Amino acid sequence: TGEWPVCSPVVIRKIELDALFQTLVVAEQGSFHKAASLLGVKTSTLSRRIHELEARIGVSLFQRHRHGVRPTDAGRIFLENMQRIESDLDSVLVNARAAGRGEAGWLRIGLYVSLSAGPARGALMAYANRFPDIEITVVDESRRSLMERLTSGALDIIIVNGQVRQGALDVVPL
């Protein structure tokens with residue numbers, strides 16, 4: 001027929017993200033008018049967006065009646081999935097913010113010192129306790145190997161004893 005399947009990337013990209021999430025507000029409010037007021041858009045704009053979404057996916061999401069709207073059977077399934085997606089998207093954004101602040105992600109450490117002696121073990125434990133969402137990987141290798149891995153980006157930090165040639169590296173004496 002020349003139509004794209006509903007789940008094709010072409011169709012998905014043409015769906016307005018706002019319209020997807022606005023369906024949740026319409027369902028919660030049970031009315032386009034109340035939802036539009038809450039969202040700060042015109043009722044006609046909201047109604048048009050939802051109608052266009054329904055046309056794109058080929059199913060009615062709401063039964064419209066004089067006193068508002070109710071989800072259809074297909075609408076209930078759609079809304080349940082949208083609530084899950086909204087929650088997943090919220091997690092994605094929270095995790096991205098945490099990673100941006102250095103509170104989540106990973107830290108790859110190379111050691112050429114003993115963790116059993118000196119302050120390194122205590123500092124590492126304190127860091128792990130303060131940032132539990134950071135996955136810490138520790139490797140113990142030769143100085144040369146650690147320097148190569150740091151330079152290549154395979155490690156984020158190395159802790160070595162003695163002098164280190166700086167080059168493009170930041171060296172902080174401990």
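Residues numbered from 1 in each chain as written. Predicted model: local features only at pLDDT ≥ 70, side-chain atom pairs only at ≥ 80, totals over all residues. Heavy atoms only, no water.

A. Main features of the overall build of the protein. Counting its regular elements, the protein contains seven helices and five strands. A total of 174 residues make up the protein; the buried ones form 27% of that total. Considering only contacts in the protein between residues 6 or more positions apart, those separated by 24 or more positions represent 54%. For the protein, the computed accessible surface area is about 12,300 Å², with 54% contributed by carbon and sulfur atoms. (Helix = DSSP H or I, 4+ residues; strand = E, 2+ residues; numbered from the N terminus. Buried < 20%, exposed > 50% of the residue type's maximum accessible area, 1.4 Å probe, protein only. Contact = heavy atoms within 4.5 Å. Areas by Shrake-Rupley, 256 points an atom, 1.4 Å probe, with all protein chains shown as cover.)

B. Geometry of the packing of aromatic side chains. Taken as a whole, this structure holds two aromatic pairs when the rule is applied. Ring geometry for phenylalanine 32 and phenylalanine 62: centres 6.1 Å apart, planes at 70°, overall edge-to-face. On the criterion of sequence distance, the pair formed by phenylalanine 32 in helix α3 (residues 32-39) and phenylalanine 62 in strand β1 (residues 62-65) is long-range, its members being 30 residues apart. Ring geometry for tyrosine 127 versus phenylalanine 131: centroids 4.9 Å apart, planes at 50°, classification tilted. With a relative accessible area of 15%, phenylalanine 131 lands in the buried category. (Phe/Tyr/Trp six-rings, centres within 6.5 Å; stacked < 30°, edge-to-face > 60°.)

C. Main features of a nonpolar patch on the surface. A contiguous nonpolar patch, built from Leu89, Val92 and Leu93 and spanning about 240 Å² of accessible area, is present on the exposed surface. Inspection of the secondary structure assignment puts leucine 89 in helix α5 (residues 73-100). (Patch = residues over 30% accessible without salt bridge, like charges linked within 9 Å, V, L, I, M, F, W, Y side chains within 5 Å. Salt bridge = Lys/Arg side-chain N within 4 Å of Asp/Glu carboxyl O.)

D. Representation of the side chain of arginine 49. Tracing the backbone through its elements, the reader meets arginine 49 in helix α4 (residues 43-57). Here arginine 49 is in contact with Glu16, Asp18, Ala19, Gln22 and Val41, once residues within four sequence places are set aside.

E. Fine view of the pairing of strand β2 (residues 68-71). Examined bridge by bridge, β1 and β2 share four bridges and lie antiparallel to one another. Paired with histidine 65 across the two strands is glycine 68, which belongs to β2. (Pairing = 2+ DSSP bridges.)

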